[in-house]
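Examination of the molecular architecture
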Amino acid sequence: MLVELTDIKGETWFVNPSYVYLMHEKKGRTQVWVTGHSVPLKIDRPLLEVSTEISAALQTIAGTSMTGPQAGVQQAQQAAQAATTAATTAAFMG
């Protein structure tokens, strides 16, 4: 999945998120460093917005919606909710 980015010159780039190796904010602009380019793409959008979009694309490529610690937290929350539901049902059925 390619990510569409428009730089400060108005040029549109379709970037493979697998090749993005660094992003940071400088002078209010997000700089996106892509393997194979000697200069970063300068984007007039907040760093968090651009990084979220690129992260979502990477997760789509990987075939996951969450990875790492986030997945563990979600699994724990689902287990706790299932336990609560079971206890409530058991109490109701009495």
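Heads up: these notes are all about the structure in this document. This structure is a prediction, so every number in the text was calculated from the model and none was measured. (Residues numbered from 1 in each chain as written. Predicted model: local features only at pLDDT ≥ 70, side-chain atom pairs only at ≥ 80, totals over all residues. Heavy atoms only, no water.)

This brings us to the overall build of the protein chain. Along the protein chain, the regular secondary structure elements total two helices and five strands. Across the protein chain, helices and strands are ordered from the amino to the carboxyl terminus as β-β-β-β-β-α-α. Per-residue burial for the protein chain yields a buried fraction of 19% across its 94 residues. Taking the intrachain contacts of the protein chain between residues at least 6 apart in sequence as the baseline, contacts between residues at least 24 apart amount to 35%. In the form shown here, the protein chain has an accessible surface area of approximately 6,700 Å², with 59% of it arising from carbon and sulfur atoms. (Helix = DSSP H or I, 4+ residues; strand = E, 2+ residues; numbered from the N terminus. Buried < 20%, exposed > 50% of the residue type's maximum accessible area, 1.4 Å probe, protein only. Contact = heavy atoms within 4.5 Å. Areas by Shrake-Rupley, 256 points an atom, 1.4 Å probe, with all protein chains shown as cover.)

What follows covers the sheet that holds strand β5 (residues 41-43). If you walk across this open sheet you meet the three strands as β3-β4-β5, and the pairing is antiparallel. Where the open sheet ends on each side, the last strands, each with one partner, are β3 (20-26) and β5. Going across the sheet, the axis of each strand differs from the next one's by a mean of 25 degrees, ignoring polarity. Across three bridges, the pairing between strand β4 (residues 29-34) and β5 is antiparallel. Along β5, the bridge assignment pairs Gln 31 with Lys 42. (Pairing = 2+ DSSP bridges. Axes fitted to C-alpha atoms, helices over the stretch in contact; angles between N-to-C directions.)

Topologically, Val 32 is positioned in strand β4. What makes Val 32 buried here is its relative accessible area of 0%. With 12 residues separating them along the chain, Val 32 and Val 20 place their C-alpha atoms 6.9 Å apart.

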